[in-house]
Number of protein chains: 2
Amino acid sequence: MVQNSLGRWIPQQFNGRACRPYCDPFSVQPNVQRASRALRRVNPGQSKLVSNLIDAVIASGLKDGMCISTHHHLRNGDALLNNVVRVIDTLGIRDITIASSSVHPVHAELIPYIHSGVIRGFECGVNGLIGELASKGEIHCPITVRTHGGRARAMMSGELKVDVAFIAAPCCDLYGNMNGCSGPSACGSLGYAYPDADYAHCVIAVTDNLQPYPVTPISIAQTQVDYVVEVERLGDPQKIVSTTTRITSDPIGLMIAKHAAEVIEAAGLLKDGFSFQTGSGGTSLAVADNVRKKMLAAGVKGSFGSGGITSYFVDMLEHGLFNTLFDVQCFDLEAVRSIARNPNHLEISSDMYANPFNGGGVVNQLDAVILGATEVDVDFNVNVNTESNGYLLHNTGGHSDTAAGAKLSIITVPSIRGRLPIVRDAVTTVTTPGETVDVIVTERGIAVNDNRPELKQELLKRKLPVKDIRQLQQEIVALTGQPKAVEFEDDVIAVIEYRDGTIIDAVRRVKD
Amino acid sequence: MVQNSLGRWIPQQFNGRACRPYCDPFSVQPNVQRASRALRRVNPGQSKLVSNLIDAVIASGLKDGMCISTHHHLRNGDALLNNVVRVIDTLGIRDITIASSSVHPVHAELIPYIHSGVIRGFECGVNGLIGELASKGEIHCPITVRTHGGRARAMMSGELKVDVAFIAAPCCDLYGNMNGCSGPSACGSLGYAYPDADYAHCVIAVTDNLQPYPVTPISIAQTQVDYVVEVERLGDPQKIVSTTTRITSDPIGLMIAKHAAEVIEAAGLLKDGFSFQTGSGGTSLAVADNVRKKMLAAGVKGSFGSGGITSYFVDMLEHGLFNTLFDVQCFDLEAVRSIARNPNHLEISSDMYANPFNGGGVVNQLDAVILGATEVDVDFNVNVNTESNGYLLHNTGGHSDTAAGAKLSIITVPSIRGRLPIVRDAVTTVTTPGETVDVIVTERGIAVNDNRPELKQELLKRKLPVKDIRQLQQEIVALTGQPKAVEFEDDVIAVIEYRDGTIIDAVRRVKD
């Protein structure tokens, strides 16, 4: 075990790889060459079509001990990863690592294959039951959690080698040109699958909507695709995209949102060229709504909105409040419709979105980002991976990436959740380092990081309810009482990789 | 010297690199990994702007003996390559290799820098005076001529290593997002510059039209760009794109075009899904016009047009005769306008267009291509590089790429040019191997390659003027007389690289 700069104890090795301890958000330099793969040749007349998933897996040359990936644009509607693992099991292949861009509750179907040794571990964050069972010691599979940008970096640097990528392609032609814009499994942006197309040693396009050549627009191109396979269904359309995303009606959420928008305004960011990102949660959308009103009132014309895109951002684009949307993932049907028809609604890869080791991602140009948390602590560290019960339940997403990139990163969070105080002495797990978190907004007050004294002054001047983070914590704990500390065993079940590849924290098995 | 499979004598080494002799169009397999480059890191707040070209060259770390590139989308209006070389000379840097996607007559300004040792050679084909002087032995600079697809392959395989790419960006933001759609130097597609952005060790965006972040559409993205520099002018807008491209009015050209269209029809290709490419020459456009009429008459709905795009193809797209245009280069203003506004007019890289060593280029899906020639021979080999006087005057472009990819490749050529017969016993230089050439159409008759006997029968059935290639040659020579053979010295001034990296021919110094 070794301690990183945040005082977190991390293993020296995890899942066969040396762990470099986290030091700070910006100074690690990449000292490697971009990952490579063998050039291939596809001659005229050569077909890429294979008749089913079994033949595709055979054609890919997948063997015991290799690594596969899928993308998570189909979210909890995805059937592909489960189907692929079923085929792998049928073929008697064992000891497979899953390096999907994320894993969702629907993939709890994989649990028997973890028990049986078909799956040996996850090179990706896991949402839901798999993480919970791993936290309880009921399944054994090392988990390496990465940010969206960190995953692109890990593939680009060769740290994460995917042998076979199975790319769910909602619209695809027989040469492998694909997009996510149409078809029964339409999901909009395919941004998280770009690095897989670029770095996986074998790329298989899997579609339930084979269209005549050439499919347009082209998100991932024929030049990257080895095989094309048609399946009955990629997933459950009802669960692939939400039909709507909605602003919260909870008065606490609304108050938090109002304050968050006021913080952005106070920071002097609401001027022409403003760029902005929020998630799809009800409070985030309420912040977007407040910001929209402020932009309209002040006649501000923003430059771009980014990240996971919702109908609220589409509306802002269409009303000229943004010039451009940078879309790595569509969160609702309106976003899917928009990306298919609006040339200023751009699909971007996770590399372009947030990779810290390229010529500069979109997050570097962000003015303000609204982020959530399961816990925060008095050093402004944020946890989004584990809950206060210690269970690993959530992937990091773009949390640490946008916090590091944006000029202003705001955590919006209720002060109490499930009777537990949200502000802790130390978060159970550090996902995003406090150094990159500027403001924490709760319904009981706004805490400003000491590294932003000028912003704190401005908020006080504007009579916003600014409180010292420790004072805020005390007020909350006075209501909830001091929660009982969760006890952990020594076994590390997961490491939380910071976007630069260093390990910012380790997740341990929870004591029975 | 060693003889390749076409009987051409090629050097064993050229410009420090071993020459692999050409064997056949399709069997060479790539046995290498994709080229790499160092990962970089650009943190938030870090600027990429440098104040002028001199500072850009200094920032790039360019040193004696290195290799630079530009793209040729500004064609004969390009001022950037000349300006860059002038700056390199000012900085006292020597022994530079030019690996641009092509060099045009305007770059004759580089000749003094060849004499003075600033430029040591060309890893690209050269159009115009540089090749002529090299052919005469008046300048000394090894020249490696590549196809468009072959250049992408050579960069991808690491055979061609570009140290610094200077990318003319007609519309660019301060983070390096760029397109060719607008601004005084608008040129449309930037397709030839994509491999440079992807593989050059340092990428500099040079613009005369710096726009607010983010520029859209994004042809080459911020993630690929190291520095951005603003200059007064990238070139002469009058010469960057022709305002119009025109169908020939020459009766010989019109007759050839009519026959070419009839050959396509006879080959059974004019049906739904038809895909097609022509160049921008007057005869090519006349073929396009004939094909268009036949498609309209038969109610055929094609799939795509590709290559260098003209207003004729734009018109066919807009009238529903194609679903899609794959545009690696805009040949006229109408094409530039179209690519900026029509989502079915897609910009593609030279890699996607024609690289033989990827997952399959667009050329592999082509039904018919119309190509030109300076000479053809009785084995259907085609020369587009040298003229019959032996001077190296032209780059290969996509000639060999499309001939290899298309189901039907047709050479349209007048039987006599400058009193010289076009059909030879052996072409002066082999650019494109006869094995990939199906039909040669002249105003005196149509020659069909023996490897297409069924097509020959069909043309005869349709009473088209089919002639044996030797009979055609004899008829022409009966009119022109047997031309005096050009005499060559032993010195090789250039090698003609086939798309797969083998050497298909060598160009020698012409005897005084």
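Further up the page is the structure itself.
What comes next is a walk through the structure. Everything quoted here is computed from the prediction, not taken from an experiment.

Conventions adopted
- Residues numbered from 1 in each chain as written.
- Chains lettered and ligands numbered in written order.
- Predicted model: local features only at pLDDT ≥ 70, side-chain atom pairs only at ≥ 80, totals over all residues.
- Heavy atoms only, no water.
- Helix = DSSP H or I, 4+ residues; strand = E, 2+ residues; numbered from the N terminus.
- Buried < 20%, exposed > 50% of the residue type's maximum accessible area, 1.4 Å probe, protein only.
- Contact = heavy atoms within 4.5 Å.
- Areas by Shrake-Rupley, 256 points an atom, 1.4 Å probe, with all protein chains shown as cover.
- Lys, Arg positive; Asp, Glu negative; His and termini not counted.
- Charge placed at Lys NZ, Arg CZ, Asp CG, Glu CD.
- Pairing = 2+ DSSP bridges.
- Right-handed = clockwise from strand over helix to strand, strands pointing away.
- Arc of directions from axis to C-beta.
- Core = buried A, V, L, I, M, F, W, Y, C linked by side-chain atoms within 4.5 Å.
- Buried area = accessible area lost by both parts, 1.4 Å probe.
- Salt bridge = Lys/Arg side-chain N within 4 Å of Asp/Glu carboxyl O.
- Polar contact = N/O pair within 3.5 Å; in protein donor to acceptor, adjacent residues only side chain to side chain.
- Axes fitted to C-alpha atoms, helices over the stretch in contact; angles between N-to-C directions.
- Parallel < 35°, antiparallel > 145°, perpendicular 65-115°, else oblique.
- Left-handed = near helix turned anticlockwise from the far one by under 90°.
- Least-squares fit on C-alpha atoms with pLDDT ≥ 70 in both.

A look at the overall build of chain A
Okay, step 1: If you tally the helices and strands in chain A, you get 15 helices and 30 strands.
Okay, step 2: The principal-axis extents of the C-alpha atoms in chain A amount to approximately 70 × 55 × 40 Å.
Okay, step 3: Counting the 512 residues in chain A, one finds 64% classified as buried.
Okay, step 4: Taking the contacts inside chain A whose residues are at least 6 apart along the sequence as the reference set, 72% of them involve residues at least 24 apart.
Okay, step 5: Approximately 17200 Å² of chain A is accessible, and the part contributed by carbon and sulfur atoms is 50%.
Okay, step 6: In chain A, which carries 46 positive and 55 negative side-chain charges, the distance between the mean positions of the two groups comes to 2 Å.

Some points on the pairing of strand β17 (residues 324–330) of chain B
If a strand is regular, its side chains alternate between the two faces of the sheet.
All names here are of chain B.
Okay, step 1: Summarising burial for β17: seven of the seven residues are buried, a large majority.
Okay, step 2: Pairing of strand β16 (residues 304–309) with β17, which is carried by six bridges, proceeds in the parallel orientation. Note that in β17 the partner of I309 across the bridge is C330.
Okay, step 3: Viewed along the sheet, the connection from β16 through helix α10 (residues 311–318) into β17 turns out right-handed.
Okay, step 4: Judged from the three bridges that link them, β17 and strand β18 (residues 345–347) form a sheet pairing that is parallel. Directly across from L325, in β18, lies its bridge partner H345.
Okay, step 5: For the segment spanning β17, helix α11 (residues 333–341) and β18, crossover handedness is right-handed.

Some thoughts on helix α10 (residues 311–318) of chain A
All names here are of chain A.
Okay, step 1: Within the sequence span of α10, burial applies to F313, V314, M316 and L317. One side of α10 carries all its buried residues, which in axial view fall inside an arc of 160 degrees.
Okay, step 2: Tucked into the core, α10 has its buried residues touching β16 (275–277), α9 (282–298), β17 (304–309), β18 (324–330), α11 (333–341) and β19 (345–347).
Okay, step 3: The first or second residue beyond α10 is G320, which carries a positive phi of 75 degrees.

Let's talk about the nonpolar core
Okay, step 1: The biggest cluster of nonpolar side chains holds 125 residues, and the ones touching the most others in it are I68, F122, F166, I264, F274 and F276 of chain B.
Okay, step 2: Ranked by residues supplied to this core, first place goes to helix α8 (residues 251–266) of chain B with seven residues.
Okay, step 3: With sequence-adjacent residues up to four places away left out, I68 of chain B is seen in contact with L62, L81, V84, I88, I96, T97, I98, A99, S100, V162, V164 and F166 of chain B.
Okay, step 4: With 124 residues, the next largest nonpolar core counts I68, L80, F122 and I370 of chain A among its residues.

A short note on the interface of chain B and chain A
Reports of interface size often rely on the accessible area that becomes lost once the parts have come together.
Okay, step 1: Every contact between the two is made by 55 residues of chain B and, on the other side, 56 residues of chain A.
Okay, step 2: With both sides pooled, the region where chain B packs onto chain A buries about 4600 Å², and carbon together with sulfur makes up 52% of that total.
Okay, step 3: Ranking the residues of chain B by area buried against chain A places R34, L39 and R41 of chain B at the top, with a combined share of 20%.
Okay, step 4: Scanning the region where chain B abuts chain A turns up two salt bridges.
Okay, step 5: Linking D198 of chain A and R34 of chain B is a salt bridge whose minimum nitrogen-to-oxygen distance equals 3.4 Å.
Okay, step 6: Applying the counting criterion to the chain B and chain A interface returns 32 residue pairs in polar contact (both at pLDDT 80 or more).
Okay, step 7: Secondary-structure elements contributing two or more residues to the side of chain B that touches chain A are α5 (148–157), α6 (194–199), β17, α12 (350–354) and α13 (399–405) of chain B.

Regarding the packing of helix α8 (residues 251–266) of chain A against α9 of chain A
Residue and element names in this part refer to chain A.
Okay, step 1: Direction vectors running N to C along α8 and α9 enclose 45 degrees, while the axes themselves pass 8 Å from each other. Between α8 and α9, the angle is such that the two are oblique. Read as a crossing pair, α8 and α9 show a hand that is right-handed. Of the residues in α9, those touching α8 at G253, L254, I256, A257, K258, A260, A261, E262, I264 and E265 are T283, A286, V287, N290, V291 and K294.

Section: the relation of the copies chain B and chain A
Okay, step 1: Expressed as a screw operation, the relation of chain B to chain A combines 0.0 Å of axial shift with a rotation of 180 degrees, fitting to an RMSD of 0.0 Å. The transformation just described matches what one would write down for a two-fold rotation axis. Scanning chain B for the C-alpha nearest the rotation axis identifies S36 of chain B, at a separation of 3.2 Å.
Okay, step 2: Counting the interface residues of chain B, we find that 100% of their copies in chain A are interface residues as well, pointing to one common contact surface.

A look at the sheet that holds strand β25 (residues 423–424) of chain B
Residues and elements named next belong to chain B.
Okay, step 1: The sheet built from three strands is open, its strands ordered β21-β20-β25 with mixed pairing. In this open sheet, the two strands that pair with only one neighbour each are β21 (382–383) and β25.
Okay, step 2: Inspection of the sheet shows strand β20 (residues 375–377) paired to β21 by two bridges, in the antiparallel sense. Bridging from a neighbouring strand, E375 pairs with N383 of β21.

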